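Fold and geometry: a report
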Amino acid sequence: MNSRAWKWAPVSASLALSVSGCVGWGGYPHAKNVHESQLTGTWRAQECHTTLTLHSDGSASATGIPTEMELDGEVTQKVGGDGTWEIDESGDTQQLDVTTEDQVTSFDLYRDKGHLLVGLTVGDPDDANWCVLTRQSATHPDRQERADAQAS
């Protein structure tokens with residue numbers, strides 16, 4: 001590397017760190033103005049074996065929410081079960097709080113090309129253990145339950 005490149009390296013590193021502070025992990029921008037109706041449905045993260053179903057009445061069911069991971073991404077502890085969910089407004093960001101087994105898990109909300117993502121950082125953020133949950137169906141689960149009930 002020539003001397004000119006070395007001169008700009010600290011400036012470039014500082015700029016990269018300051019820009020990354022404006023977005024979440026993966027470079028996704030934080031979602032704003034998320035409404036409950038946008039979160040109801042089933043969300044999955046295949047790499048973490050996590051499924052989260054959020055109902056419009058505030059109830060939730062979850063399987064495989066990781067609470068601890070090894071550095072290689074292997075899940076060592078997880079929670080699940082039935083519970084509740086709500087959107088937490090803290091400052092200018094929103095989070096999804098899911099309560100199961102008397103434990104609250106806070107998920108971050110991001111956008112990627114207009115799509116809403118539910119993200120979970122497991123453990124120390126510096127370890128980069130993340131789970132990204134995506135919505136599985138455009139069919140609203142509560143509407144689907146009513147449609148199934150009417151069909152039978």
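Coordinates for the structure precede this section.
Residues numbered from 1 in each chain as written. Predicted model: local features only at pLDDT ≥ 70, side-chain atom pairs only at ≥ 80, totals over all residues. Heavy atoms only, no water.

Along the protein, the regular secondary structure elements total 3 helices and 8 strands. Going from N to C terminus, the protein has its helices and strands arranged as α-α-β-β-β-β-β-β-β-β-α. Looking at the protein as a whole, 32% of its 152 residues qualify as buried. Long-range contacts, defined as pairs at least 24 residues apart, comprise 48% of the intrachain contacts of the protein with a sequence gap of at least 6. Per element, the accessible surface of the protein, about 9400 Å² overall, is 50% carbon and sulfur. (Helix = DSSP H or I, 4+ residues; strand = E, 2+ residues; numbered from the N terminus. Buried < 20%, exposed > 50% of the residue type's maximum accessible area, 1.4 Å probe, protein only. Contact = heavy atoms within 4.5 Å. Areas by Shrake-Rupley, 256 points an atom, 1.4 Å probe, with all protein chains shown as cover.)

This brings us to the nonpolar core. In terms of nonpolar packing, the biggest core is built from 25 residues, with Leu39, Leu52, Leu54, Leu96 and Phe107 touching the most fellow members. Among the secondary structure elements, those contributing two or more residues to this core are strand E1 (41-45), strand E2 (50-54), strand E3 (59-69), strand E4 (75-90), strand E5 (93-100), strand E6 (103-112), strand E7 (115-121) and strand E8 (130-135). Per-element tally for this core: the top contributor is E3, with 4 residues. In this structure Leu39 touches Val34, Leu54, Trp85, Ile87, Leu96, Leu109, Leu116, Val118 and Arg135, once residues within four positions along its chain are discounted. (Core = buried A, V, L, I, M, F, W, Y, C linked by side-chain atoms within 4.5 Å.)

Time to look at the sheet that holds E1. With antiparallel pairing, 8 strands are arranged side by side around a closed barrel as E1-E2-E3-E4-E5-E6-E7-E8. Across the sheet, the mean angle from the axis of one strand to that of its neighbour is 35°, orientation sign disregarded. Relative to E3, E2 is paired through 4 bridges, and the arrangement is antiparallel. Pairing of Leu54 across the sheet is with Ala60, part of E3. (Pairing = 2+ DSSP bridges. Axes fitted to C-alpha atoms, helices over the stretch in contact; angles between N-to-C directions.)

Our next topic: the pairing of E4. Each regular strand displays side chains that alternate between the two surfaces of the sheet. One ladder, built from 8 bridges, connects E3 with E4; its direction is antiparallel. Looking at the pairing, Ala60 lines up with Gly83 of E4. Counted along the chain from E3 to the antiparallel partner E4, the turn is 5 residues long, and its residue Gly73 has a positive phi close to 95°. In this structure, E4 lies alongside E5, joined through 8 bridges in antiparallel fashion. By the bridge assignment for E5, Trp85 is matched with Val98. Hairpin connection of E4 to E5: 2 residues between the antiparallel strands, including Gly91 at a positive phi of 70°.

Shape is all these values report; function is a separate question.
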